[in-house]
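# Structural overview for review
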Amino acid sequence: VQLQASGGGLVQAGGSLRLSCAASGRTFSDYGMGWFRQAPGKEREFIARISRSGGSTYYADSVKGRFTTSRDNAKSTVWLQMNSLRPEDTALYYCAAKMGISSASDSAYNYWGQGTQVTVSS
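We now turn to the structure provided with this report.

Thresholds applied
Residues numbered from 1 in each chain as written. Predicted model: local features only at pLDDT ≥ 70, side-chain atom pairs only at ≥ 80, totals over all residues. Heavy atoms only, no water. Core = buried A, V, L, I, M, F, W, Y, C linked by side-chain atoms within 4.5 Å. Buried < 20%, exposed > 50% of the residue type's maximum accessible area, 1.4 Å probe, protein only. Contact = heavy atoms within 4.5 Å. Helix = DSSP H or I, 4+ residues; strand = E, 2+ residues; numbered from the N terminus. Polar contact = N/O pair within 3.5 Å; in protein donor to acceptor, adjacent residues only side chain to side chain.

Let us look at the nonpolar core. Leu3, Met33, Trp35, Phe67, Leu80, Met82 and Tyr93 are the most contacted members of the largest nonpolar core, which has 34 residues in total. In this structure, Met82 is in contact with Gly15, Ser16, Leu17, Leu19, Arg66, Phe67, Tyr93 and Val118, ignoring residues within four places of it in sequence.

Dropping the structure here:
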């Protein structure tokens, strides 16, 4: 499956962004999806994951209550709605896909988008 992430940009603290990740090539509903981010000089960090049906979602404590992930299998797209953004949310954001159950571990994912930059100014 090929993944194309988009929607990043520059936003002021307290603002919102919505990231999209469009998939192609395989049956999207077969894949659990995850969102990760990596800031300069830091390791890649789990943000959120969503089940194949979209019925279950899980979030890192650092974004819980501010970020929401959702998906539309008919459109082969997953989204990450980010509200109340903070400067510490600045990072390169990735979507990832794996067959079956989603995971919070980046090593479990086989397919990755190219990343989209999110910069939050104070």
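Okay, the side chain of Thr116 next. On the secondary structure map, Thr116 appears in strand β11 (residues 116-121). Among the polar contacts made by the side chain of Thr116, one reaches the main-chain amide nitrogen of Gly8 at a distance of 3.0 Å.

Attention now goes to unusual backbone geometry. Residues other than glycine seldom take positive phi values, yet Ser76 does so here, at roughly 50°. Along the chain, Ser76 falls in the loop between β7 (67-72) and β8 (77-82). The exposure class assigned to Ser76 is buried, which follows from its relative accessible area of 17%. The backbone of Ser84 sits at a positive phi, close to 50°, despite the residue not being glycine. Considering the arrangement of structural elements, one finds Ser84 in the loop between β8 and β9 (91-99). Residue classification places Ser84 among the partly exposed positions, given a relative accessible area of 41%.

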